[in-house]
Amino acid sequence: MSTQYVDDIHPLDDPIRGSLLGAHARFARVSGSGRVFRFDPEVAPFLGHPPVIEAGDWDDIVALFGRGEIVSLRGVGHQVPAGWDVIDQFGLVQLVGTHLETRPYPGAIVLGADDVPDMLDLVERTKPGPFLPRTFELGTYLGVRDGSVLVAMAGERMHPAGWTEISAVCTDPAYRGRGLATDLVRAVGHVIRERGEKPFLHASAANTNAIRLYLSIGFELRQESQLTLVRTPA
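Model, not experiment: these values are computed from the prediction.

## As for the overall build of the chain
So, point 1. Check the secondary structure of the chain and you find 5 helices and 11 strands.
So, point 2. A globule of 234 residues ought to have a C-alpha radius of gyration of about 17 Å, and the chain, at 18 Å, matches this closely.
So, point 3. Overall, the C-alpha framework of the chain stretches about 50 × 35 × 30 Å when taken along its three principal axes.
So, point 4. Out of the 234 residues in the chain, the part that is buried amounts to 47%.
So, point 5. For the chain, long-range pairs separated by at least 24 residues make up 69% of all intrachain contacts whose partners lie at least 6 apart in sequence.
So, point 6. Carbon together with sulfur atoms contributes 51% to the accessible area of the chain, which is approximately 10900 Å² in total.

## With respect to the sheet that holds strand 1 (residues 28–30)
So, point 1. One open sheet accounts for 3 strands, arranged 1-2-3; its pairing is antiparallel. Looking along the sheet, the strands with just one partner apiece sit at the ends: strand 1 and strand 3 (47–48).
So, point 2. Across the face of the sheet, helix 2 (residues 55–65) comes into contact with strand 1, strand 2 (37–39) and strand 3 while running at roughly 30° to strand 2.

## Re the sheet that holds strand 5 (residues 85–96)
Hydrogen bonds between backbone groups are what pair the strands of a sheet, and the pairing can be parallel or antiparallel.
So, point 1. Taken in spatial order, the 8 strands of this open sheet run 4-11-5-10-9-8-7-6, and their pairing is mixed. At either end of the open sheet lies a strand with only one pairing partner, and these are strand 4 (70–74) and strand 6 (109–110).
So, point 2. Pairing of strand 5 with strand 10 (residues 198–204) involves 5 bridges; the strand directions are antiparallel. Following the sheet pairing, Gln94 is matched in strand 10 by His202.
So, point 3. Contacts from helix 4 (residues 180–194) reach strand 7 (141–146), strand 8 (149–156), strand 9 (163–171) and strand 10, with the element oriented near 35° to strand 8.

## Topic: the pairing of strand 7
So, point 1. The pairing of strand 6 with strand 7 spans 2 bridges and is classified as antiparallel. Paired with Val110 across the strands is Leu142, a residue of strand 7.
So, point 2. Strand direction decides the pairing type here: strand 7 and strand 8, joined by 6 bridges, are antiparallel. Opposite Tyr141, over in strand 8, you have Gly155 as the bridge partner.
So, point 3. Between the end of strand 7 and the start of strand 8, which pair antiparallel, lie 2 residues, with Gly147 showing a positive phi angle near 65°.

## Observations concerning the pattern of salt bridges
So, point 1. Throughout the structure, instances matching the rule amount to 17 salt bridges.
So, point 2. Between Arg74 and Asp14 there is a salt bridge; the shortest N-O distance is 3.2 Å. Highlighted residues: Arg74 in strand 4 and Asp14 in the segment before helix 1 (15–21), separated in sequence by 60 residues. Residues Arg74 and Asp14 agree in their burial class; the two are buried.
So, point 3. Asp40 is the salt-bridge partner of Arg29, the closest N and O atoms lying 2.6 Å from each other. Of this pair, Arg29 sits in strand 1 while Asp40 sits in the loop between strand 2 and strand 3, and the two are 11 residues apart along the sequence.

Reading the values: rules and limits
- Residues numbered from 1 in each chain as written.
- Predicted model: local features only at pLDDT ≥ 70, side-chain atom pairs only at ≥ 80, totals over all residues.
- Heavy atoms only, no water.
- Helix = DSSP H or I, 4+ residues; strand = E, 2+ residues; numbered from the N terminus.
- Rg over C-alpha atoms; globule rule 2.2 N^0.38 Å.
- Buried < 20%, exposed > 50% of the residue type's maximum accessible area, 1.4 Å probe, protein only.
- Contact = heavy atoms within 4.5 Å.
- Areas by Shrake-Rupley, 256 points an atom, 1.4 Å probe, with all protein chains shown as cover.
- Pairing = 2+ DSSP bridges.
- Axes fitted to C-alpha atoms, helices over the stretch in contact; angles between N-to-C directions.
- Salt bridge = Lys/Arg side-chain N within 4 Å of Asp/Glu carboxyl O.

Don't take any of this as a statement about function, it's just geometry.
What follows is the structure, given as structure tokens:
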């Protein structure tokens, strides 16, 4: 895969590309130019692209995703070509676990392929963000069950060099207020730190409750950014 643009940036400035060039290379789908890439569509929906999207890059995005598909663009100022539809724009914050106290959580179980139906059901009930049938392959996922029912989980997603993203943090509404999300974030952070890496995460800028929680347990704001959802030409 090409490394022809912006090689000296911080790993967290382009975590999708960093993941697909490194730990998650086996999931990469790359354009002929090597400038545009995506995760295996059963694993994650994310698009990697240069900071400035050129004419040929737009064609590569269509080739990788297909026509009439919704994709997300990072950054601001993209000149979307004719025939593309802008669906939505929203703010995103990136937080790093500088002072996060991590520790194992004895009540958590490691989730795997057999748990995917329950994981998808919990995601549908709680809407933490994109989660697909093979997303769990990106890293360690921990969950809490009440009897047979999965009521909370958190896991690992993007994996740029030296860092691992904590993602899919969600708790069934009936079980909120018990500290399950905090315990799971600390536990996933413990797994990350045991590998000698550092945890980070993303949250919608509008999700002020989640951001407040993360800040209260030791995360710090690293940067604010924007996602633009566009539909490829039909």
